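Structural characterization, general
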Amino acid sequence: AQALAELDRVNAWLADSPGNPALLSQKIHLGMVVDVPQAIDACREILRRDSGNSFALGHLAGAYLVQRQFGAALQYAAELEK
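This report concerns the structure included in the present document. These figures come from a predicted structure and were not determined experimentally.

1. A few points about the packing of aromatic side chains
Applying the stated criterion across every chain, the model contains one aromatic pair. Between Tyr 64 and Tyr 76 the ring centres are 5.8 Å apart and the planes differ by 5°, which places this aromatic pair in the stacked class. With Tyr 64 in helix H4 (residues 54-66) and Tyr 76 in helix H5 (residues 70-81), the pair connects residues that are 12 residues apart, well separated along the chain. On the basis of relative accessible area, Tyr 64 is assigned to the buried category, the value being 6%.

Have a look at this one:
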């Protein structure tokens, strides 16, 4: 419950400061714990700005792995390897 409340706070801060790298990073880490789709959305936001961002690519691979979407996980892992 505490992580979910923190994720809500981070989302509120992102509304005031969209694209803030530190906040997006927090959203990814919290999302991996309580809401994987939100983590995926934050990773995609980073990749829209920086398509080769290794942090976002690695976390996307992990997020899809958690969701048992192995094809997508492998795709992002391969991108990360490049």
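2. Looking at helix H1 (residues 2-16)
The terminal C-alpha atoms of H1, which comprises 15 residues, lie 22 Å apart, in line with the 21 Å expected from a rise of 1.5 Å per residue. For H1, every residue scored as buried is listed here: Leu 7, Val 10 and Leu 14. An end-on view of H1 places all buried positions within 60° of arc, on one side of the element. Exposed positions of H1 whose direction lies more than 90 degrees from the buried face are Gln 2, Ala 15 and Asp 16. In this fold, the buried residues of H1 make contact with helix H2 (21-34) and helix H3 (36-49).

3. Examining the packing of H2 against H3
Running from N to C, H2 and H3 point in directions that differ by 155°, and their axes come no closer than 6 Å. It follows from the interaxial angle that H2 and H3 lie roughly antiparallel. Note that H2 runs across H3; the crossing there is left-handed. Contact residues: H2 offers Leu 24, Lys 27, Ile 28, Gly 31, Met 32 and Val 34, while H3 offers Val 36, Gln 38, Ala 39, Ala 42, Cys 43, Glu 45 and Ile 46.

4. Things to note about the nonpolar core
Ranked by size, the top nonpolar core spans 22 residues in total, and within it Ile 40, Leu 47, Leu 60, Tyr 64 and Tyr 76 carry the most contacts. Residues contacting Tyr 64, with those up to four places away along its chain left out, are Ile 40, Arg 44, Gln 69, Ala 72, Ala 73 and Tyr 76.

5. So, H4
Residues that lie three or four places apart on an α-helix share one face, since the helix turns once every 3.6 residues. Over its 13 residues, H4 runs 18 Å from end to end, which matches the ideal 18 Å to within 8%, given 1.5 Å per residue. Every buried residue belonging to H4 is among Ala 56, Leu 57, Leu 60, Ala 61, Ala 63 and Tyr 64, and all of these are buried. Each buried residue of H4 sits inside an arc of 165° when the element is viewed along its axis, so together they form one side. The inward-facing, buried residues of H4 contact H2, H3 and H5. One side-chain oxygen of the residue at the start of H4 lies 3.0 Å from the amide nitrogen of Phe 55, identifying that residue as Asn 53. Of the residues flanking the end of H4, it is Arg 68, one or two places downstream, whose phi is positive at about 65°.

How each quantity is defined
- Residues numbered from 1 in each chain as written.
- Predicted model: local features only at pLDDT ≥ 70, side-chain atom pairs only at ≥ 80, totals over all residues.
- Heavy atoms only, no water.
- Phe/Tyr/Trp six-rings, centres within 6.5 Å; stacked < 30°, edge-to-face > 60°.
- Helix = DSSP H or I, 4+ residues; strand = E, 2+ residues; numbered from the N terminus.
- Buried < 20%, exposed > 50% of the residue type's maximum accessible area, 1.4 Å probe, protein only.
- Expected span 1.5 Å × (residues − 1).
- Arc of directions from axis to C-beta.
- Contact = heavy atoms within 4.5 Å.
- Axes fitted to C-alpha atoms, helices over the stretch in contact; angles between N-to-C directions.
- Parallel < 35°, antiparallel > 145°, perpendicular 65-115°, else oblique.
- Left-handed = near helix turned anticlockwise from the far one by under 90°.
- Core = buried A, V, L, I, M, F, W, Y, C linked by side-chain atoms within 4.5 Å.
- Polar contact = N/O pair within 3.5 Å; in protein donor to acceptor, adjacent residues only side chain to side chain.

So far we have only geometry, and geometry alone does not tell us how the molecule works.
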